2 protein chains.
Amino acid sequence: MMEEIKVFAPATVANLSCGFDVLGCCLDNVGDEMIIKKNDLNQLRITKMEGQDLPMEVDQNVAGVAVKAMLEKLQSNEGFDIEIYKKIKAGSGIGSSAASSAGAVYAVNKLLDSPFSSAELLPFAMEGERLASGNAHADNVAPALLGGFTLVKSYEPLEVLSLPSPEELNVVILHPQIEVKTKDSRAIIKRNISLDKAVSQWGNLGALVSALYTNDYDLLGRSLKDDIVEPIRSILIPYFDEIKAISLESGALGFGISGSGPSVYAMCRGQQNAENVKASIAEFMEKQSITYDLHLSKINPEGVKIL
Amino acid sequence: MMEEIKVFAPATVANLSCGFDVLGCCLDNVGDEMIIKKNDLNQLRITKMEGQDLPMEVDQNVAGVAVKAMLEKLQSNEGFDIEIYKKIKAGSGIGSSAASSAGAVYAVNKLLDSPFSSAELLPFAMEGERLASGNAHADNVAPALLGGFTLVKSYEPLEVLSLPSPEELNVVILHPQIEVKTKDSRAIIKRNISLDKAVSQWGNLGALVSALYTNDYDLLGRSLKDDIVEPIRSILIPYFDEIKAISLESGALGFGISGSGPSVYAMCRGQQNAENVKASIAEFMEKQSITYDLHLSKINPEGVKIL
């Protein structure tokens, strides 16, 4: 039996345009590292927190809460020390809390000799999301645990599908470092929408799922639209329209808000195209007075990985 | 060059549950027959109308209007005689007008040596729907022309996708012979819906598209849900809840309203299962005082066919 494990806990893009609240994807080289060790104290502890100033009390930490839910389910009193090396910034909109929750339950599950499948780990990781946002959603923990593209079909019962990931997809992520709280970003969404817009949205989502199965990159681009949430949430994101226009002019297939923002994503075909899009965004952002991070990543088909 | 052609013009199921306004499928042995002949009069005529009492003036007939739109596009003054042998009852909710429009443009296109692809025929057939319902929708003409399952991704621009048809699918159609006008059935729909229900709906639609690509019959059944339109429109359909319960208890994968009703469909896996479902529905309907038709059909992967 392993006593210690080191994992890569990936960032994720949720609310992919027409897939608001259901569709997300997993990033490959943007994410945290975590080391989880068994201890002999029958106690769950967060023993290290680097990179971000986040709570270390188990009940206040998303990783702690997620692992606790899992151990309770197993009626286990095993002790674990969790070390978290955050690289994803909290509040960036690329699944910072989900990475920690998913990484922690994945790692502890491995150390316990895998009593659960990755899909079975979802409800535990979702408890971390409940702590982080008040809502036990699966938008980010699903792609973080399962990798690739995931579709949350339903919550009652919880059913998450893994969808294929066309190999040439690359994602450019821009994180403008302004604060947008998930709660605020949810609050401004209209709770009622027109049926006409809903029909357009599900037409696009159906087409997007088809595009993933058929490796139809152009169709994928034509489907990454959102006339419901993006027009409202984008108001909170500085230069959203400009950066969207620049990305699409530089050849991005599609562009939208990542999660509840403020990060935005540009979906691209091929690494060279993604490099071009990234360079164009950087050129624009250099002229603005906002600190930002820019990432370029392939889709990560595995999710959390052992390092 | 052919001078005359006889075609099968299939019935179709539109508004497939979560695919309201976007998803439809084509039936195999339920449909009309049409004979189209060239004439030397440079005149478009409806020369026969059997089975239903429908207008024979070209401008009042859906087939006439559709073919006229096509000939105008070609700037052709060729003359054609259209004979329509209706087996689909008008107002049944299984695409009676679409069958005539689609069958007519398909046949005339063949007689003209196919200047258009099937997809290019869609806008002409949609003109027939505009005449029939006041709305140039593609819900039924798309599956009638393209066969199998079709997804109307968008109208501006018009984009329709052909989706795979799992081979074992069989559809049972019940047409209770009460009158439900498409216009009335549209009028009672709420024009605004809750975002939560819309999200559930597009989660299901995404899953349904995935199920068609993966031949996952159970997932397909779990996805054929509609909490938006069905609860309202089903009020107009006698015994809807009872027949739905009977169908699902008899093993149907899913059940819902066909088009805008009053027909309902039960999607089944395998012919034997479909026969069971059909028998159970018949047993129930025999006790009621409503005249009805019951059909059982495979999915028709081709659409309109030359006979």
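Conventions used here
Residues numbered from 1 in each chain as written. Chains lettered and ligands numbered in written order. Predicted model: local features only at pLDDT ≥ 70, side-chain atom pairs only at ≥ 80, totals over all residues. Heavy atoms only, no water. Contact = heavy atoms within 4.5 Å. Buried area = accessible area lost by both parts, 1.4 Å probe. Salt bridge = Lys/Arg side-chain N within 4 Å of Asp/Glu carboxyl O. Polar contact = N/O pair within 3.5 Å; in protein donor to acceptor, adjacent residues only side chain to side chain. Helix = DSSP H or I, 4+ residues; strand = E, 2+ residues; numbered from the N terminus. Nonpolar A, V, L, I, M, F, W, Y, C, P; charged D, E, K, R; others polar. Buried < 20%, exposed > 50% of the residue type's maximum accessible area, 1.4 Å probe, protein only. Domains from an automatic or database assignment. UniProt positions renumbered as here; feature names shortened; annotations may be inferred. Axes fitted to C-alpha atoms, helices over the stretch in contact; angles between N-to-C directions. Parallel < 35°, antiparallel > 145°, perpendicular 65-115°, else oblique. Left-handed = near helix turned anticlockwise from the far one by under 90°.

J.: Please give an account of the interface of chain A and chain B that cites residues and values.
T.: Much of the literature gives interface size as the accessible area that the parts lose upon coming together. Each partner contributes residues to the interface: chain A has 36 residues there, and chain B has 36 residues. Of all residues in chain A, the largest losses of buried area upon contact with chain B belong to Lys153, Leu195 and Trp202 of chain A, amounting jointly to 28% of the total for that side. In this structure, the connection of chain A to chain B is made through 4 salt bridges. Salt-bridge contacts for Arg222 of chain A lead to Glu159 of chain B; the nearest nitrogen and oxygen are separated by 2.5 Å. Run the count over chain A and chain B and you get 15 residue pairs in polar contact (both at pLDDT 80 or more). Residue assignment for the side of chain A that touches chain B shows that the elements contributing at least two residues are β5 (149-155), β6 (158-163), β8 (192-194), α6 (195-214) and α7 (217-223) of chain A. The element contributing the most residues to the side of chain A that touches chain B is α6 of chain A, with 15 residues. Considered class by class, the residues forming the side of chain A that touches chain B number 19 nonpolar, 10 polar and 7 charged.

J.: Tell me about the pattern of salt bridges, residues and numbers included.
T.: This structure, assessed with the given rule, holds 27 salt bridges over all chains. For the salt bridge of Arg269 of chain B with Glu168 of chain B, the shortest nitrogen-to-oxygen distance reads 2.8 Å. Taken together, the residues span a long stretch of sequence, with Arg269 of chain B in strand β10 (residues 264-269) and Glu168 of chain B in the loop between β6 (158-163) and β7 (169-176) at a distance of 101 residues. Here Glu168 of chain B falls in the partly exposed class, since its relative accessible area comes to 36%. Connected via shared salt-bridge partners are Lys6, Glu33 and Lys87 of chain A.

J.: Can you explain the domain arrangement of chain A? Please cite residues and give values.
T.: Residues and elements named next belong to chain A. Domain boundaries in chain A define domain 1 (4-164) and domain 2 (169-298). Each of domain 1 and domain 2 was reduced to a C-alpha centroid, and the two centroids are 24 Å apart. Domain 1 puts 30 residues into the contact, and the matching count from domain 2 is 39 residues. Among the residues of domain 1 in contact with domain 2, Ser17, Cys18 and Phe20 are the three that bury the most area, contributing 24% of the side total. Inspection of the domain 1/domain 2 interface yields 2 salt bridges. Joining domain 1 to domain 2, the criterion identifies 11 residue pairs in polar contact (both at pLDDT 80 or more). Counting residues per element, the ones that place at least two in the side of domain 1 that touches domain 2 are β1 (4-13), β2 (23-39), β5 and β6. It is β2 that contributes the most residues to the side of domain 1 that touches domain 2, 7 residues altogether.

J.: With reference to specific residues and values, describe unusual backbone geometry.
T.: Negative phi characterises most residues that are not glycine, and trans characterises most peptide bonds. All names here are of chain A. For the bond running from Glu156 to Pro157, omega is 0°, close enough to zero to count as cis. Counting through the fold element by element, Pro157 comes out in the loop between β5 and β6. With an omega dihedral of 0°, the bond running from Gly261 to Pro262 counts as a cis peptide bond. As for its position among the elements, Pro262 is in the loop between β9 (254-257) and β10 (264-269). For Asp113, which is not a glycine, the phi torsion comes out positive at approximately 70°. Looking at the element boundaries, Asp113 is found in the loop between α2 (96-111) and α3 (118-133).

J.: Tell me about the UniProt feature "domain: GHMP kinase C-terminal" (unreviewed entry) in chain A, and name the residues and values.
T.: Look at the UniProt record and you will see "domain: GHMP kinase C-terminal" (unreviewed entry) annotated at residues 209-286 of chain A. As annotated, residues 209-286 of chain A comprises 55% helix and 13% strand, and the C-alpha atoms at either end are separated by 36 Å.

J.: So what's going on with the packing of helix α1 (residues 62-74) of chain A against α3 of chain A? Which residues, and what values?
T.: All names here are of chain A. Closest axis-to-axis distance for the α1/α3 pair is 8 Å, and the angle between their directions is 140°. Classified by the interaxial angle, the pair formed by α1 and α3 is oblique. In the crossing of α1 with α3, the sense of the turn from one axis to the other is right-handed. When α1 is examined against α3, the residues Val62, Val65, Ala66, Ala69, Met70 and Lys73 are found in contact with a partner set consisting of Leu121, Phe124, Ala125, Glu127, Gly128, Leu131 and Ala132. Residues that form the contact of α1 with α3 fall into these classes: 10 nonpolar, 1 polar and 2 charged.

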